[in-house]
Amino acid sequence: MKIEIADYCIRCGICEDLYPDLFQRNYQEHCMDVLYDKIPEHLWARAKQSAEDCAVAAIRIVE
Ligand code: SF4
């Protein structure tokens, strides 16, 4: 499983606030980073929930 963030992410930071184990703000490149290239299995449920919690549906789960 992977997480992709769409270009239309508004950088609100909610994903980092709720899921700091998955997301981190990248201040240099003004975007959000996903901490894992491949999401570890114990974080799959949180990854899926993060996609539902993004206000603009910018988080996409790629199986
Ligand atoms: S919650 Fe969604 S819009 Fe907000 S920073 Fe994260 S990916 Fe971007």
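Criteria and cut-off values
Residues numbered from 1 in each chain as written. Predicted model: local features only at pLDDT ≥ 70, side-chain atom pairs only at ≥ 80, totals over all residues. Helix = DSSP H or I, 4+ residues; strand = E, 2+ residues; numbered from the N terminus. Rg over C-alpha atoms; globule rule 2.2 N^0.38 Å. Buried ≥ 20, exposed ≤ 12 C-beta atoms within 10 Å, placed from the backbone. Contact = placed C-beta atoms within 7 Å. Pairing = 2+ DSSP bridges. Near = placed C-beta within 6 Å. Nonpolar A, V, L, I, M, F, W, Y, C, P; charged D, E, K, R; others polar.

## Comments concerning the overall build of the protein chain
- Looking only at helices and strands, the protein chain features two helices and four strands.
- Along its sequence from the N terminus, the protein chain presents helices and strands in the succession β-α-β-β-α-β.
- For the protein chain, whose C-alpha radius of gyration is 10 Å, the value lies close to the compact-globule estimate of 11 Å for 63 residues.
- C-alpha extents for the protein chain along the principal axes are approximately 30 × 20 × 20 Å.
- The 63 residues of the protein chain split such that 16% are buried.
- Considering only contacts within the protein chain whose residues lie at least 6 apart along the sequence, 56% involve residues at least 24 apart.

## Overview of the pairing of strand β3 (residues 31-34)
- In terms of strand pairing, strand β2 (residues 23-26) meets β3 through four bridges, oriented antiparallel. Looking at the pairing, Asn26 lines up with Cys31 of β3.
- Linking β2 to β3, which pair antiparallel, is a turn of four residues; within it His30 sits at a positive phi near 55 degrees.

## Things to note about the site of the ligand
- Neighbouring residues of the ligand: 14 residues in total, closest Cys9, Cys12, Ile14, Cys15 and Cys54.
- Each residue belonging to the shell around the ligand can be placed in one class, and the counts come to 12 nonpolar, one polar and one charged.

## Some remarks on unusual backbone geometry
- We note that His30 has phi near 55 degrees; this positive angle belongs to a residue other than glycine.
- When you line up the elements, His30 lands in the loop between β2 and β3.
- Residue classification places His30 among the exposed residues on the basis of 8 C-beta atoms within 10 Å.
- The backbone of Ala57 sits at a positive phi, close to 55 degrees, despite the residue not being glycine.
- For Ala57, the position within the fold is in the loop between α2 (44-53) and β4 (59-62).
- With 12 C-beta atoms counted inside 10 Å, the residue Ala57 sits in the exposed group.

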